[in-house]
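Spelled out from the first residue to the last, the chains are:
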Amino acid sequence: MTMEPRIRELVDKVNRKLEGDEKMREEVKDLKKTFNIDLGEEQYSFRFEDCKVFDFKCEPIPEADVTLSSSVENMTKLLDGDLRPMKAYVTRKIVVKGKIQDLMFLKKFF
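This is a predicted model, so every value here is computed, not measured.

### Re the nonpolar core
Counting 25 residues, the largest nonpolar core has Ile-7, Ile-37, Leu-39, Tyr-44, Phe-48 and Met-75 as its most contacted members. Elements supplying a minimum of two residues to this core: α1 (4–20), α2 (22–28), β1 (33–38), β2 (43–49), β3 (52–57), β4 (66–69) and α3 (72–80). The leading source of residues in this core is α1, at four residues.

Structure below.
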């Protein structure tokens, strides 16, 4: 089973949250970043700009601003709430390449 449906669901969740939250849109209005999610056999990417996640693909973006690397198992635990984001980061169950601040803003959506 692939993680694609779960990640697409997250993209939709983030976009819905942004549509309904003026304060959050104000906080991220100037953010323009590219993200990769590398799960070994599965790789995904998306862009964030104009307060919206878009251009979701099942392939990496060359030279992305942020790359999150993990395993399917750990990503599933993270999304299910069985693994806390900071614990996953500190124990290297997820590895972030790029500025951690760019990834930390995503925490607001979950």
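Following the structure, the description resumes.
### Details of a nonpolar patch on the surface
Together, Met-86, Tyr-89, Val-90 and Met-104 make up an exposed nonpolar region whose accessible area comes to about 360 Å². With three residues, the top contributor of residues to the nonpolar patch is helix α4 (residues 85–90). With respect to the helices, strands and loops of the structure, Met-104 is situated in helix α5 (residues 100–104).

### Notes on the packing of aromatic side chains
Tallying each qualifying case throughout the model produces two aromatic pairs. On the numbers, 5.0 Å between centres and 15° between planes, the contact of Phe-35 with Phe-46 is stacked. Residue Phe-35 is located in strand β1, and its partner Phe-46 is located in strand β2; the two are separated by eleven residues in the primary sequence. For the pair formed by Phe-35 and Phe-46, the shared burial category is buried.

### Remarks on α3
Within α3, the full set of buried residues consists of Asn-74, Met-75 and Leu-78. Mapping the buried residues of α3 onto a view down its axis gives an arc of 100°, with all of them on the same face.

### What about the pattern of salt bridges?
Within this structure, the stated rule accounts for eight salt bridges. Between Arg-6 and Asp-80 there is a salt bridge, and its shortest N-O distance comes to 2.9 Å. One end of the pair, Arg-6, is in helix α1; the other, Asp-80, is in helix α3, and 74 residues separate them in sequence. Note on Asp-80: relative accessible area 42%, which makes it partly exposed. With a closest N to O distance of 3.8 Å, Lys-32 and Glu-49 form a salt bridge. Placement of Lys-32 in the loop between α2 and β1 and of Glu-49 in strand β2 is noted, with a sequence separation of 17 residues between them. With a relative accessible area of 56%, Lys-32 lands in the exposed category. Beyond isolated ion pairs, a larger network of salt bridges with shared partners links Arg-47, Asp-55 and Lys-57.

The rules behind these values
Residues numbered from 1 in each chain as written. Predicted model: local features only at pLDDT ≥ 70, side-chain atom pairs only at ≥ 80, totals over all residues. Heavy atoms only, no water. Core = buried A, V, L, I, M, F, W, Y, C linked by side-chain atoms within 4.5 Å. Buried < 20%, exposed > 50% of the residue type's maximum accessible area, 1.4 Å probe, protein only. Helix = DSSP H or I, 4+ residues; strand = E, 2+ residues; numbered from the N terminus. Patch = residues over 30% accessible without salt bridge, like charges linked within 9 Å, V, L, I, M, F, W, Y side chains within 5 Å. Areas by Shrake-Rupley, 256 points an atom, 1.4 Å probe, with all protein chains shown as cover. Salt bridge = Lys/Arg side-chain N within 4 Å of Asp/Glu carboxyl O. Phe/Tyr/Trp six-rings, centres within 6.5 Å; stacked < 30°, edge-to-face > 60°. Arc of directions from axis to C-beta.

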